[in-house]
Structure formats: structure tokens, C-alpha cells
Amino acid sequence: MKKFLPLLALGCTFAAHSQIYYSEKVGANDLGRAFDPNMHQLNNACLQGTSVLHNELSGSLDYFQRVDETLIKRRTFGEVHGGVNLFIIAGSVSTSMTHRNATDQRTLTSQLHLKFDEGYSTLEDRQVKAGVDLKDCGSHFVYQVNYGRDLFVNTRLHFKTEEDYKRFVIKIKIRLLFFKKTITKVKEIEKYAENAVFSVDVNSNGPLPAKLQQQLSEQPTYCRGGNITPCLQTLEKLVAYSFDPNGLMLDLADLDKVPRSFVVKSFQDSGHYGAADWASVMSNTMYEPTWRWAEHQYGEAVRHLERAKAFLAVASEAEKPALEAQYEAAQIALSDAETLRQTCLTSPWSSQCGS
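A.B. asks: Could you give an account of the nonpolar core, naming the residues involved and the relevant values?
C.D. replies: Proteins that are soluble and globular tend to have nonpolar side chains buried together. Within the largest apolar cluster, 32 residues are counted, with the highest numbers of intra-cluster contacts made by Leu151, Val153, Leu157, Phe168, Val202 and Leu212. Residue assignment for this core shows that the elements contributing at least two residues are β5 (107-128), β6 (140-158), α5 (162-171), α6 (183-192), β7 (197-204), α7 (210-218), α8 (229-243) and α9 (248-253). For this core, the element with the most residues is α8, which contributes five residues.

A.B. asks: Can you tell me about the state of the cysteines, naming the residues and giving the values?
C.D. replies: Summed over all chains, the structure comprises three disulfides. Here Cys46 is linked by a disulfide to Cys137, with a sulfur-sulfur distance of 1.9 Å. On the sign convention where negative means left-handed, the S-S torsion of about -100° between Cys46 and Cys137 marks this disulfide as left-handed. Taken together, the positions of Cys46 in the loop between β3 (41-45) and β4 (47-65) and Cys137 in the loop between β5 and β6 put the pair 91 residues apart, joining distant regions of the chain. Summarising the burial analysis for this pair, Cys46 and Cys137 share the class buried.

A.B. asks: Break down the side chain of His140 for me, citing the residues and quoting the values.
C.D. replies: Within the element layout of this structure, His140 appears in strand β6. With a relative accessible area of 0%, His140 lands in the buried category. Among the polar contacts listed, one links the side chain of His140 to the side chain of Ser139, at a separation of 2.6 Å.

A.B. asks: Can you break down the confidence of the model for the protein residue by residue, with the values?
C.D. replies: For the protein, per-residue confidence averages 81 on the pLDDT scale, and 81% of positions sit at 70 or higher. In this model residues 1-16 is a low-confidence stretch, pLDDT under 50, and it forms 49 contacts with partners more than four residues away in sequence or in other chains. A low-confidence stretch, residues 273-283 (pLDDT under 50), is modelled with 36 contacts involving residues beyond four sequence positions or located in other chains.

A.B. asks: Mind laying out the pattern of salt bridges, listing which residues take part and the relevant values?
C.D. replies: Tallied over the entire structure, the rule returns 14 salt bridges. Between Glu118 and Arg149 there is a salt bridge, and its shortest N-O distance comes to 4.0 Å. Remark: Arg149 occurs in strand β6 and Glu118 occurs in strand β5; sequence separation between them is 31 residues. By relative accessible area, Glu118 is classed as buried at 11%. The exposure class assigned to Arg149 is buried, which follows from its relative accessible area of 2%. A salt bridge links Arg224 to Glu319; its shortest N-O distance comes to 2.8 Å.

A.B. asks: Tell me about α8, residues and numbers included.
C.D. replies: Since the α-helix advances by 3.6 residues per turn, residues separated by three or four positions end up pointing in the same direction. The terminal C-alpha atoms of α8 lie 21 Å apart, and with 15 residues this matches the ideal 21 Å at 1.5 Å per residue to within 8%. Next to the buried residues of α8 lie β6, α6, β7, α7, β8 (222-224) and α9.

A.B. asks: Which residues make up the packing of helix α10 (residues 288-313) against helix α11 (residues 320-346), and what values do they have?
C.D. replies: Contact geometry of α10 with α11 gives a least axis separation of 8 Å together with a crossing angle of 160°. Considering their axes alone, α10 and α11 lie roughly antiparallel with respect to each other. Note on packing geometry: the crossing formed by α10 with α11 is left-handed.

Cut-offs and rules
Residues numbered from 1 in each chain as written. Predicted model: local features only at pLDDT ≥ 70, side-chain atom pairs only at ≥ 80, totals over all residues. Heavy atoms only, no water. Core = buried A, V, L, I, M, F, W, Y, C linked by side-chain atoms within 4.5 Å. Buried < 20%, exposed > 50% of the residue type's maximum accessible area, 1.4 Å probe, protein only. Helix = DSSP H or I, 4+ residues; strand = E, 2+ residues; numbered from the N terminus. Disulfide = S-S within 2.5 Å. Polar contact = N/O pair within 3.5 Å; in protein donor to acceptor, adjacent residues only side chain to side chain. pLDDT = per-residue confidence, 0-100. Contact = heavy atoms within 4.5 Å. Salt bridge = Lys/Arg side-chain N within 4 Å of Asp/Glu carboxyl O. Expected span 1.5 Å × (residues − 1). Axes fitted to C-alpha atoms, helices over the stretch in contact; angles between N-to-C directions. Parallel < 35°, antiparallel > 145°, perpendicular 65-115°, else oblique. Left-handed = near helix turned anticlockwise from the far one by under 90°.

Here it is, written out as C-alpha cells:
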């Protein structure tokens, strides 16, 4: 397929072309809805037809090590989505998932990414809905919805300070995940991660299978950096389940399909020539820095809360009061960041939105 140019970064024309956006929020019921490519918003349903499911199953496996949020987006979803608009459209599940999986200067994350494509739905025999004037529908509509799951098995080291983080990455030149470790190597990790917290988790853009959730609830998932063996044993079981032919793949097949992305197409390209203004539609680049800034602030808050949660999970009774206060403060900060993000994505001209 021809590679699409980044929409916002280049401000390219949008007429007579399709564009793909990542989102778990847009499903088969949204096929035929009008779409504004300037502000990346869904509008009223203008077309009707028959929703047809196309089953095309495939999968891939990637290993990520020490990647920031920009690389996570590129490696996971690709640049065909236009960068910023990927997360304007994306729902809270996929957005939070991506930020949690990124590395910053106080959290070291490694992950196994299992990506499953589960087919797509299109709207066939399309017609203009009764009573709808295409002049009120803009220029584009939701043409196709793609299904798939992104599932990450993660290990993380949460550090109290950037200095602790830098000391570790300088001294320890190994991958943290999916490699059998000798007792000597584990002891070396524990030596330089003594003040950190080691954690294991699984996240996805859709519900997790019951067996996987059970493993996570019954096994240790947070360990002090000076004793990571219990969490490594949990990780070993998770990886074994993930690659067992009678394990993860079989359990995922029993779950409902999850929308991953959707394709937007022009009415003109689809043969509906009654829509207004077939001049080239330009994407709005004016607010791109604001959108990026709000997204970055949100990502920082997501990872800050994860660190606070990790240290509280292994806290002694004497440590708990101070760490509980830090956790509560991180929850408030994330709520504020979520509000700021939503405000700046929909009303980027607001006074509180700025870098």
C-alpha cells in the first residue's frame, strides 16, 4: 500500500485520498459518519448501507527496549496516522497504554508486543441517508473500521531519581526481558537497582483473557529492586502462557474483536458527488505544537502515577504514609492532565493550553 504522508506535519491536501487513524473508540456502528479532517472529529451519520465483516487474521511479534513515547507510536501504530491526530482520535485505553509503555528518565521499560490483525468492516451499497443534505456533511466520512489487538508483556524498573536511572543504564548493559538470566547476572541487576522497584504487567487495547488476569492477580508483580526473583518467575510464566498453542492465542480467539483503527475517505472518492466544495481540504497545522504539548504533559502524568503505585506496592508500614500521600497527589495530577489534554485537543486556543 502506498505510504501516506504525515497529515499534520506537512499540511497536505486531503481531497480524493483516504487516511487511517488509530482508535478503539470508532466501531462498525460509526461507518458512514461524516468526519472533519481539520479538527479530527466525528460528526453525524450521512451514509447508510450494509456493514460487511471481512475476516483476515494475522499476527506479528516485536521486542521493544528503552523506547520513548515517540518511538512507541511509530513502532506500534506507524506514521501513516499523521502523528498528532493519532492521539486526538484515539481513546483513553490506547493512549494510556502507549504512554505507560514508554521509557523516560526515571522509568526503564522493556516489552514484548504481540500484534494481532483481526479483519475489518466496510459499509457496502452505500446511499445517502433519508433527510440528509450532503452539504451539511463536509467532505469525508468513515469508510472502513479495522480490528486488532495490541498486547504488551512488560517489565519495568521504576527509579526514585534520574541519577539512579542513569547509574543503572551505565552499569548494566543487558536487556531486562525474555532472556534467561544466571544467578550472577540477577545479583548484578539487584546491586544497581537496590533503590528501585521492579514490576511486571500486561496491558492491551482490549480486555485481557480471564486466565491471563488470574495469573497477574495470583503471582507477584511488584518487587523491590534488591530482590527481583519472584517477579522474574511471574514473567517466566506469562511468557510461557503467551507462546503456548493452548494458551494466549486460543483464549484471545474467544474474545470479541476490538476496533484498532478506521479509514476516512472523501465522499467524492466514494462516488457521492453531491457533497459541498471539492477544492482541496487542508489540515490545520496551527495547533499542532499545542496538541503535542498537551499529549506530553499527559504522558508524564501517566508514568508518574505508575511509579508512585510501584513504590507504594512494596512499601513497609513505616514508608506507607508518605508514599500514600505521593500516590494521591499523582492521581490528582493525572486527573488534571486528563482534563487539560481533553480541553487542548478540542479547544486548543484556550488560555491554559500552551507550552
